[in-house]
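Geometric and topological summary
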Amino acid sequence: MYKRIVIKIGTSLLADKVSGINLERISGIARAVALLRAEGRDVCIVTSGAIGAGIAALKLKERPVTIPEKQATAAIGQPLLMEAYEHAFRKQGVLIGQLLLTKDDFAGRKRYLNARNTFDVLLKKGVVPVVNENDTVAVEEIKVGDNDNISAMVANLIEADILINLSNIKGLCKGDPAKDASAELVPVVRKITPEIERLVKNSKGELASGGMATKIQAAKKCVAAGIAMVIADGREPSIIGELIAGEPRGTLFIPCDSKLTQRQIWIAYIAQAAGRITVDPGALEALQKKGKSLLPSGVKAVTGKFEAGDVVIIADGADNEIAKGVTEYSSFDAEKIKGKKSADLTGTLGRRGSDEIIHRDNLVIL
Ligand code: GLU
């Protein structure tokens, strides 16, 4: 049933302040993945732990704080991490390939499709792609920032059937399992309701950068696109095989019956918005109820700096995000034509432009 699988390995499973990278755990993962490959399944790994491994190699007492320090620590840790994966997978006769991605690789449709082509070739050749964020060059503004979200974006990118998110927690719990081992596990989530979101306490491992909140963001990206997601305890050696065999472990997020196309999923859940367009009530109704495009006349405000072709958020007057779409105009031009009738566009712009700011085909209601 699960033909294409993404496995996210959290820092807490790999890095160890004292002994560096947990090689035994990586060997266990390699064995489990080799078995899945032998069954004809495609597997992709998203791994954290570069900064953790760098911290251990540098014998730092604390996680670095400044951006250049974090980048340097990742530069030291990433090859150590890959060395450990390469060694473990080589023993299993499986080739791996490294992909270091940043937010920009998902933000533009062209780069997104480029990355997809690379994944396609690797998977076709039976290689296991091993992904991390490119921490060495990514400063805060261009970072996704956590591998929970990155793994969900990768799952979307390669159209996976399931994302397995492994860390040192047993799943989504009523209470904080890091503080209370008896916290009750939620085994299945059919819908990510406000109650589910309220369960999310941002308990973090000291070496890790994600938390439950980013895992829920990841689950939203997956289920909306028809991809299942599981949060489970990766310290259990047989967990990967058991999950794929369908055993109820951890928390399973049931996927929606997604009717969105790949491109719509990219617009709605993957591409990072470069700006925001606030619309008036008339435009709001036309978008939500009548399936219309967004015209300049309905635009009240333009926020942020964006170019034509960027993805932007469409918000109502109370700043609720109601849709996302690919804009036909830059923020500079959008500012000039906001509130204008179609007949006045050419005069305002000094050239003929598109009648719509965002065409219906490039727009997804959230
Ligand atoms: N990319 C970071 C690292 O390798 C980890 C990000 C995360 O843990 O979510 O250390």
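In this report, we go over the structure that sits alongside the text. (Residues numbered from 1 in each chain as written. Predicted model: local features only at pLDDT ≥ 70, side-chain atom pairs only at ≥ 80, totals over all residues. Heavy atoms only, no water.)

1. Thoughts on the overall build of the protein chain
- Broken down by element type, the protein chain carries 14 helices and 17 strands.
- Whereas a compact globule of 366 residues would reach a radius of gyration of roughly 21 Å, the protein chain reaches 22 Å, a difference of no more than 12%.
- Projected onto its principal axes, the C-alpha positions of the protein chain cover 70 × 40 × 40 Å.
- Taken over 366 residues, the protein chain has a buried fraction of 51%. (Helix = DSSP H or I, 4+ residues; strand = E, 2+ residues; numbered from the N terminus. Rg over C-alpha atoms; globule rule 2.2 N^0.38 Å. Buried < 20%, exposed > 50% of the residue type's maximum accessible area, 1.4 Å probe, protein only.)

2. A short note on the sheet that holds strand 6 (residues 128–133)
- The strand order 5-6-4-1-7-11-12-10 describes an open sheet built from eight strands, whose pairing is mixed. The sheet is open, and its two borders are formed by strand 5 (96–101) and strand 10 (188–189), each paired with just one other strand.
- Looking at chain direction, strand 5 and strand 6 are connected through six bridges and run parallel. Within strand 6, the position partnered with Gln98 by the bridge is Val130.
- Where helix 2 (residues 23–38) meets the sheet, it contacts strand 1 (4–9), strand 4 (42–47) and strand 6, and its direction lies at approximately 155° from that of strand 4. (Pairing = 2+ DSSP bridges. Contact = heavy atoms within 4.5 Å. Axes fitted to C-alpha atoms, helices over the stretch in contact; angles between N-to-C directions.)

3. Points about the pairing of strand 6
- Counting buried residues along strand 6, six of its six residues qualify, which places the element largely inside the surrounding structure.
- Side-chain alternation along strand 6 places Val128, Val130 and Asn132 on one buried face and Pro129, Val131 and Glu133 on a second face that is also buried.
- Here two bridges tie strand 4 to strand 6, and the two strands are oriented parallel to one another. Opposite Val46, over in strand 6, you have Val131 as the bridge partner.

4. Points about the nonpolar core
- Ranked by size, the top nonpolar core spans 50 residues in total, and within it Val6, Phe119, Val131, Val154 and Phe253 carry the most contacts.
- The set of elements that each furnish at least two residues to this core consists of strand 4, strand 5, helix 6 (109–124), helix 7 (147–157), helix 9 (212–224), strand 11 (228–233) and helix 11 (262–270).
- When residues no more than four places from it in sequence are discounted, the contact partners of Val131 are Cys44, Ile45, Val46, Thr47, Leu99, Leu101, Phe119, Ile150 and Val154.
- Within the second largest apolar cluster, 41 residues are counted, among which are Ile26, Leu81, Ala84 and Ile244. (Core = buried A, V, L, I, M, F, W, Y, C linked by side-chain atoms within 4.5 Å.)

5. So, the packing of aromatic side chains
- Within the structure shown, the criterion is met by three aromatic pairs.
- With a centroid separation of 6.1 Å and 40° between ring planes, the pair formed by Tyr112 and Trp266 is classed as tilted. On the criterion of sequence distance, the pair formed by Tyr112 in helix 6 and Trp266 in helix 11 is long-range, its members being 154 residues apart. Just as Tyr112 is buried, Trp266 falls in that class too.
- The structure contains a cluster of three or more aromatic residues connected by ring pairs, namely Phe106, Tyr112 and Trp266. (Phe/Tyr/Trp six-rings, centres within 6.5 Å; stacked < 30°, edge-to-face > 60°.)

6. Considerations on unusual backbone geometry
- For Glu159, which is not glycine, the phi torsion reads 55° and is therefore positive.
- The residue Glu159 is located in the loop between helix 7 and strand 7 (162–167) in this model.

7. Focus: a nonpolar patch on the surface
- Taken together, the side chains of Leu58, Leu60, Ile76 and Leu80 define a hydrophobic patch exposed on the protein surface, amounting to about 280 Å² of accessible area.
- Relative to the assigned elements, Leu80 resides in helix 4 (residues 67–91). (Patch = residues over 30% accessible without salt bridge, like charges linked within 9 Å, V, L, I, M, F, W, Y side chains within 5 Å. Areas by Shrake-Rupley, 256 points an atom, 1.4 Å probe, with all protein chains shown as cover. Salt bridge = Lys/Arg side-chain N within 4 Å of Asp/Glu carboxyl O.)

8. Section: helix 3 (residues 50–57)
- Among the eight residues that make up helix 3, seven are buried, leaving the element largely enclosed by the rest of the structure.
- When we look at burial in helix 3, the residues that qualify are Ala50, Ile51, Gly52, Ala53, Gly54, Ile55 and Ala56.
- For helix 3, the secondary structure elements touched by its buried residues are strand 2 (15–16), strand 3 (20–21), helix 4 and strand 6.
- Where helix 3 ends, the next residue or the one after it, Lys59, has phi of about 55°, a positive value.

9. Side note on helix 12 (residues 281–288)
- For helix 12, the complete set of buried residues consists of Ala283, Leu284, Ala286 and Leu287. Along the axis of helix 12, the buried residues cluster in a sector spanning 165°; they form a single face.
- On its buried side, helix 12 packs onto strand 13 (275–279), strand 15 (311–315), strand 16 (321–326) and strand 17 (363–365). (Arc of directions from axis to C-beta.)

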